[in-house]
Amino acid sequence: AELAAMRAHLATPDAPPITVVEAVAADADDLERALDELLAANVDALWIPIDLTVYRNVARLAALPRAAHLPLLTTALAGVENGAVVGAAVDYRLH
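Small disclaimer: the values here were computed from a predicted structure and weren't measured.

Colleague: Help me out: how do you make sense of the pattern of salt bridges in this one?
Modeller: Note that side chains of opposite charge can pair when their charged atoms are close. Scanning the entire structure with this criterion turns up 3 salt bridges. R7 is the salt-bridge partner of E22, the closest N and O atoms lying 3.2 Å from each other. Of this pair, E22 sits in the loop between α1 (2–10) and α2 (31–40) while R7 is found in helix α1, placing the two residues 15 residues apart along the sequence. Between D30 and R33 there is a salt bridge, with its nearest N and O atoms 2.7 Å apart. On the basis of relative accessible area, R33 is assigned to the partly exposed category, the value being 37%.

Colleague: When you look at the side chain of D30 in this model, what are you seeing that I'm missing?
Modeller: Assignment of secondary structure puts D30 in the loop between α1 and α2. Setting aside anything within four residues of it in sequence, one finds D30 in contact with V24 and A25.

Colleague: Would you explain the nonpolar core in this entry?
Modeller: It is characteristic of soluble globular proteins that their nonpolar side chains tend to be buried jointly. Of all hydrophobic cores here, the largest spans 14 residues; its most connected members are V43, L46, I48, V54, L61 and L72. If you list the elements that add at least two residues to this core, you get α2, β1 (46–48), α3 (52–56) and α4 (58–61). A total of 3 residues in this core trace back to one element, the largest contributor, which is α2.

Calculation criteria
Residue indices begin from 1 for each chain and proceed along its sequence in written order. Only residues with pLDDT of 70 or above have their local features reported here, since the model is predicted, and side-chain atom pairs are shown and tallied only from 80 upward, although totals for entire chains, interfaces and linings are computed over all residues. The basis for the side-chain values is all heavy atoms of the structure; hydrogens and waters are excluded. Salt bridge, as applied in this entry: a Lys or Arg side-chain nitrogen positioned within 4 Å of an Asp or Glu carboxyl oxygen. Runs of H or I in DSSP of at least four residues are treated as helices and runs of E of at least two as strands, each being numbered from the N terminus. Each residue gets one of three labels from its accessible area relative to the maximum for its type: buried under 20%, exposed over 50%, partly exposed in between, using a 1.4 Å probe on protein chains only. Between two residues, a contact is recorded if the distance between any of their heavy atoms is within 4.5 Å. Nonpolar core, defined: a set of buried Ala, Val, Leu, Ile, Met, Phe, Trp, Tyr and Cys residues in which side-chain atoms within 4.5 Å join the residues together.

Structural data, given as structure tokens:
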């Protein structure tokens, strides 16, 4: 839901010029490969939407974007506590 909400927002006329590049990890062992895929795509930052597999391993993953001088953005406090530089959340419209 979070990624879909972000994509919908970025499709609006007033949205900032941001392109979302997605990499999917099948499981915890695949996270590093997915991160390498994003780094190879020359992204400017990494955003982690809510995903339990990622958040259970975010401390391990946080070192890779840091080494590449990329900010790691998160939507959960657990991400900030484990190496993300900022937390941001989607403002969901309820009904």
